[in-house]
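# A closer look at the structure
The primary structure of each chain is shown beneath.
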Amino acid sequence: MREELLKGLTEEQIKKVKACKNAEEILALAKEEGVQLSDEQLEAVSGGCGKSLTCPECGSKNVRRSDALSRDKHYFVYKCKDCGEKFRK
């Protein structure tokens, strides 16, 4: 597990994160605990995949990811830091 993910968490929260089986469970736990994940923590959850995305509008690789919650599941929303385009993958 990448250490960036655990920064700023309590010992109890760290134990809960380590018990999670996948990224979706970690995101659900963050919502349940009321923890806002930083960009660095989101990158740790995703394994850094956010950096390899390309903006569909301008082609920039300067894309950041945040989590979102729909009625039944979590999903990721991406935002281009250059043109402001928001998109889902």
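Structural data are supplied above this passage.
Let us look at the structure shown here. Because the structure is a prediction, the values reported are computed rather than measured.

### Here's the deal with the packing of aromatic side chains
According to the stated counting rule, one finds one aromatic pair in the structure shown. With centroids separated by 5.6 Å and ring planes inclined at 20°, the aromatic side chains of Y78 and F87 adopt a geometry described as stacked. Across this residue pair, the class does not change: Y78 and F87 are buried.

### Thoughts on the state of the cysteines
In total, this model carries zero disulfides according to the counting rule given. C83 takes part in no disulfide bond, and the closest cysteine sulfur to it belongs to C55, at a distance of 3.7 Å.

### Describing the pattern of salt bridges
For the structure on display, the rule yields two salt bridges. Across the salt bridge formed by E12 and K16, the nearest N and O atoms sit 3.5 Å from each other. With a gap of four residues between them, E12 and K16 both fall in helix α1 (residues 11-19), about one helical turn apart. Linking E33 and K16 is a salt bridge whose minimum nitrogen-to-oxygen distance equals 2.8 Å. Of this pair, E33 sits in helix α2 (residues 23-33) while K16 sits in helix α1, and the two are 17 residues apart along the sequence. Since its relative accessible area comes to 29%, E33 is described here as partly exposed.

### Examining the packing of α1 against α2
Between α1 and α2, the shortest axis-to-axis distance is 9 Å and the interhelical angle comes to 150°. Judged on the interaxial angle alone, α2 and α1 are roughly antiparallel. In terms of crossing hand, the pair formed by α1 and α2 is right-handed. Two secondary-structure elements touch here, α1 through Q13, K16, V17 and A19 and α2 through E25, I26, L29 and E33. Looking at side-chain class alone, the contact of α1 with α2 contains four nonpolar, one polar and three charged residues.

Rules used in this analysis
- Residues numbered from 1 in each chain as written.
- Predicted model: local features only at pLDDT ≥ 70, side-chain atom pairs only at ≥ 80, totals over all residues.
- Heavy atoms only, no water.
- Phe/Tyr/Trp six-rings, centres within 6.5 Å; stacked < 30°, edge-to-face > 60°.
- Buried < 20%, exposed > 50% of the residue type's maximum accessible area, 1.4 Å probe, protein only.
- Disulfide = S-S within 2.5 Å.
- Salt bridge = Lys/Arg side-chain N within 4 Å of Asp/Glu carboxyl O.
- Helix = DSSP H or I, 4+ residues; strand = E, 2+ residues; numbered from the N terminus.
- Axes fitted to C-alpha atoms, helices over the stretch in contact; angles between N-to-C directions.
- Parallel < 35°, antiparallel > 145°, perpendicular 65-115°, else oblique.
- Left-handed = near helix turned anticlockwise from the far one by under 90°.
- Contact = heavy atoms within 4.5 Å.
- Nonpolar A, V, L, I, M, F, W, Y, C, P; charged D, E, K, R; others polar.

Everything listed here is a matter of geometry and, on its own, says nothing about what the molecule does.
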